[in-house]
Amino acid sequence: QVQLVESGGGLVQAGGSLRLSCAASGRIFSSYGMGWFRQALGKDREFVAGISWSGGSTDYADYVKGRFTISRDNAKNTVYLQMNSLKPEDTAVYYCAADRGRSPIVALAPGQYDAWGQGTQVTVSQ
């Protein structure tokens, strides 16, 4: 079972940028599809972005397209989420997740993921 640790969250003004990192343990990281989800206070967890195990496929939620970029570095067992042009509505706890299904298609639902990190808080002020 892969273990995930997120970092890089914090407080930023609207229009600013943050880069989240998710470090994975284990030698089989390269076989996992990876996703980023977020959960705002009082709301359900929602999909943000995902990348297939090969890195050949990515997908984004409409509300982050053009602003966020997901990438992975298999040599470092790390997946990243570059977040630009941040808005107050992006405020949430951000979680990374691992999908061991080896599908060429990015998994969009939380139930398709097998392992989760503890989350990192992102707060965007006006």
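Since the model is a prediction, treat every value here as computed from it, not as a measurement. (Residues numbered from 1 in each chain as written. Predicted model: local features only at pLDDT ≥ 70, side-chain atom pairs only at ≥ 80, totals over all residues. Heavy atoms only, no water.)

Asker: Can you explain the overall build of the protein chain? Please cite residues and give values.
Answerer: Counting its secondary structure elements, the protein chain contains zero helices and eleven strands. Going from N to C terminus, the protein chain has its helices and strands arranged as β-β-β-β-β-β-β-β-β-β-β. Here the C-alpha radius of gyration of the protein chain, 13 Å, is about what a compact globule of 126 residues would show, namely 14 Å. Going through the 126 residues of the protein chain one by one, you find that 44% of them count as buried. Restricting to contacts in the protein chain with at least 6 residues of sequence separation, those with at least 24 account for 59%. With an accessible surface of roughly 6,300 Å², the protein chain has 48% of that area assigned to carbon and sulfur atoms. On the protein chain, the mean spot of the 12 positive side-chain charges and the mean spot of the 10 negative ones are 5 Å from each other. (Helix = DSSP H or I, 4+ residues; strand = E, 2+ residues; numbered from the N terminus. Rg over C-alpha atoms; globule rule 2.2 N^0.38 Å. Buried < 20%, exposed > 50% of the residue type's maximum accessible area, 1.4 Å probe, protein only. Contact = heavy atoms within 4.5 Å. Areas by Shrake-Rupley, 256 points an atom, 1.4 Å probe, with all protein chains shown as cover. Lys, Arg positive; Asp, Glu negative; His and termini not counted. Charge placed at Lys NZ, Arg CZ, Asp CG, Glu CD.)

Asker: Break down the packing of aromatic side chains for me, with residues and values.
Answerer: Within the structure shown, the criterion is met by four aromatic pairs. Between the aromatic rings of F37 and Y113, the centroid separation amounts to 5.2 Å while the plane-to-plane angle is 80 degrees, which identifies the pairing as edge-to-face. Here the residue F37 occupies a position in strand β4 (residues 33–39), and Y113 occupies one in the loop between β9 (92–99) and β10 (115–116), the gap between them amounting to 76 residues. Comparing F37 with Y113, the two get one shared label, buried. In this structure an aromatic cluster arises from ring pairing among F37, F47, Y113 and W116. Of note, R45 hangs over the ring of W116, and the distance from its end group to the ring centre comes to 4.8 Å. Its end group placed over the ring of W53, R102 keeps NZ or CZ at 4.0 Å from the ring centre. (Phe/Tyr/Trp six-rings, centres within 6.5 Å; stacked < 30°, edge-to-face > 60°. Lys NZ or Arg CZ within 6 Å of the ring centre and 35° of its normal.)

Asker: Describe the nonpolar core, listing the residues and the values that go with them.
Answerer: Judged by nonpolar contacts, the single largest core of 36 residues is most densely connected at L4, M34, W36, L81, M83 and Y94. Among the elements of the structure, β3 (18–24), β4, β5 (46–51), β7 (68–73), β8 (78–83), β9 and β11 (120–125) are those that each provide at least two residues to this core. The element contributing the most residues to this core is β9, with five residues. Apart from the residues lying within four places of it in its own chain, the contact partners of L4 are C22, A23, A24, M34, C96, A97, A98, A115, W116, G117 and Q118. (Core = buried A, V, L, I, M, F, W, Y, C linked by side-chain atoms within 4.5 Å.)

Asker: Could you give me a rundown of the pairing of β9, with the residues and numbers involved?
Answerer: The element β9 is largely enclosed, with a buried count of seven among its eight residues. Here β9 runs beside β11; their pairing, made up of three bridges, is antiparallel. Directly across from A92, in β11, lies its bridge partner V122. Relative to β10, β9 is paired through two bridges, and the arrangement is antiparallel. Residue A98 lies in a different strand from β10, and its bridge partner there is A115. (Pairing = 2+ DSSP bridges.)

Asker: Now, about unusual backbone geometry: what can you tell me, with residues and values included?
Answerer: Most peptide bonds adopt trans geometry, and most residues besides glycine take a negative phi value. If you check the backbone angles, S85 has positive phi at about 50 degrees while not being a glycine. Along the chain, S85 falls in the loop between β8 and β9. Residue R102 is not a glycine yet carries a positive backbone phi of 55 degrees.

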